[in-house]
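The chain contents come next:
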Amino acid sequence: MKTRYQLIILLVLIAGFIGACRTTSKIAKTPKAKNIILLIGDGMGVAQMYAGHIAKNAELNMESCKHIGFSRTHSASDLITDSGAGGTAIACGIKTTNKFIGMNPDSVAVKSILHYAEENNKSTGLVATAAITHATPASFIAHNISRYNYEALAEDFLKTDIEVFIGGGLDHFTKRKDQKSLLTDLKAKGYQIVTDQKGLKASKKSKLAALVYDKHPPYMADGRGNFLPLATNKAIELLNKDKNGFFLMIEGSQIDWAGHDNDSEKLIKEVLDFDEAVGLALDFAKKDGETLVIITADHETGGYVLSNEEEKRNSLKGIFASEHHSAVAVPVMAFGPGAEKFTGFMENTDLFHKMYEAFGFDKSKLSR
Ligand code: MG
Ligand code: ZN
């Protein structure tokens, strides 16, 4: 009798020991993301993606991600967000008033994942196919009650030690009401400044301000060409010099604009261009092994649907329900260490918190 009990106790202890080992090794092995590349297709809903898929006649790069979810995009003020509140939700983890940039509804500045990456000694970068001062990229670095205060948003690029930024918007740095040229200040801070694609291609310095267009880059349909893939590769190349890792946000800005214009052809070209950048990010992440890639949108634009063309079976036609943003949830796709966190339905603000966690940053240092 006694030995039987001893045997049972021994078995329980062994089972417990094995269980404990498994749990601790699981915790120890939870991989942290050294780098995060966040790609935002502004205005990209599921229909926009599928229009790209049909045009490509093959799976998009972003469709190769196995961890998939949906992000609910309403803002603090509106059921339908704008890109200011939408960008701020993803960047800073707070719902705010439409048109606000990096501020809560009480107009208090809130730090973004880019600011926290800087605090944690990582390099940071922003790439956009719009002016770099436009709402989405600005949400990651600036604080303002209006997304339209472009010149003030440009000044905020000097207040954070961002390493690389590439986009349009040169005029907001040079042709200013206050007569200042922010390029002088950027140079003093050690940035290499380039204002054309040739300069961008040749740049080697780890601090780069590439303002390649005076205002916005043109649509793909109007000859933007290789700009986004070039900018994506350059940003990754320069940021990857940092042994501590990096945070990079890349925006396909003009998917949204084609949605506002209700132009399916332009939209599809923008989706495919954005997806090329996604492919480059995924290629890097696959080789690197320590990079988390997240692809999402800040909202859907145009209430886009793919309908049948009259009398023509199996021929799709893109139809828009509005010229504005819509309220539907948008896709989230992820690859790499921590990707499994980005599944199911989530709030757009959860994207910030999931990135913060994936980086392994100290939660007690999260000021809110
Ligand atoms: Mg945008
Ligand atoms: Zn828009």
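Up top is the structure these notes are about.
Before going into details, it helps to say that this report is about the structure given with it.

Quick notes on the pairing of strand 2 (residues 67–72)
Step number 1: Pairing of strand 2 with strand 13 (residues 330–335) involves five bridges; the strand directions are antiparallel. When the sheet's bridge partners are listed, phenylalanine 70 is paired in strand 13 with proline 331.
Step number 2: Alignment of strand 2 against strand 14 (residues 344–347), held across four bridges, turns out to be parallel. Bridge pairing in strand 14 places arginine 72 opposite glutamate 347.

A few points about the pairing of strand 11 (residues 312–320)
Step number 1: Relative to strand 11, strand 10 (residues 304–309) runs antiparallel, the two being bridged by six bridges. Considered in strand 11, the bridge of leucine 306 is made with glycine 318.

Quick notes on the coordination of the zinc ion (ligand 2)
Angles at a metal have ideal values that depend on geometry: 109.5 degrees with four tetrahedral donors, 90 or 180 degrees with six octahedral donors.
Step number 1: Ligation of the zinc ion (ligand 2) by protein atoms is provided by Asp256 (OD), Asp256 (OD), His260 (NE2) and His325 (NE2), these donors lying 2.0 to 2.3 Å from the ion.
Step number 2: Between the donor residues of the zinc ion (ligand 2), the gaps in sequence give the motif D-x3-H-x64-H. You can see histidine 260 sitting in helix 11 (residues 254–260) and its partner histidine 325 sitting in strand 12 (residues 325–326), a full 65 residues away along the chain.
Step number 3: A residue is classified by how much of its surface remains accessible, and histidine 260, at 27% relative accessible area, is partly exposed.

Considerations on the coordination of the magnesium ion (ligand 1)
Step number 1: At this site the magnesium ion (ligand 1) is bound by Asp42 (OD), Thr136 (OG1) and Glu251 (OE), with donor distances of 2.0 to 2.2 Å.
Step number 2: If you list the donors of the magnesium ion (ligand 1) from N- to C-terminus, the spacing comes out as D-x93-T-x114-E. With aspartate 42 in the loop between strand 1 (35–41) and helix 2 (46–56) and glutamate 251 in strand 7 (residues 246–252), the pair connects residues that are 209 residues apart, well separated along the chain.
Step number 3: The class for aspartate 42 is buried, based on a relative accessible area of 1%.

Digging into the packing of aromatic side chains
Step number 1: Counted by the stated rule, this structure contains 15 aromatic pairs.
Step number 2: Arranged with centres 5.8 Å apart and planes meeting at 35 degrees, the rings of phenylalanine 352 and tyrosine 356 form a pair that is tilted. Of this pair, phenylalanine 352 and tyrosine 356 both sit in helix 13 (residues 348–359), four residues apart, which is roughly one turn of the helix. Just as phenylalanine 352 is buried, tyrosine 356 falls in that class too.
Step number 3: A centroid spacing of 5.4 Å and a plane angle of 85 degrees characterise the contact between tyrosine 356 and phenylalanine 361, whose relative ring orientation is edge-to-face. The same class applies to tyrosine 356 as to phenylalanine 361, namely buried.
Step number 4: By the ring-pair criterion, three or more aromatic residues cluster together here, those being Tyr116, Phe352, Tyr356, Phe359 and Phe361.
Step number 5: A cation sits over an aromatic face here: lysine 207 above tyrosine 191, 4.6 Å from the ring centre.
Step number 6: Across the ring face of phenylalanine 335, the terminal group of lysine 286 is positioned such that the distance to the ring centre comes to 5.8 Å.

Thresholds, definitions, all that
Residues numbered from 1 in each chain as written. Chains lettered and ligands numbered in written order. Predicted model: local features only at pLDDT ≥ 70, side-chain atom pairs only at ≥ 80, totals over all residues. Heavy atoms only, no water. Pairing = 2+ DSSP bridges. Helix = DSSP H or I, 4+ residues; strand = E, 2+ residues; numbered from the N terminus. Donors = N, O, S within 2.8 Å, 3.2 Å for Na, K, Ca; no water. Buried < 20%, exposed > 50% of the residue type's maximum accessible area, 1.4 Å probe, protein only. Phe/Tyr/Trp six-rings, centres within 6.5 Å; stacked < 30°, edge-to-face > 60°. Lys NZ or Arg CZ within 6 Å of the ring centre and 35° of its normal.

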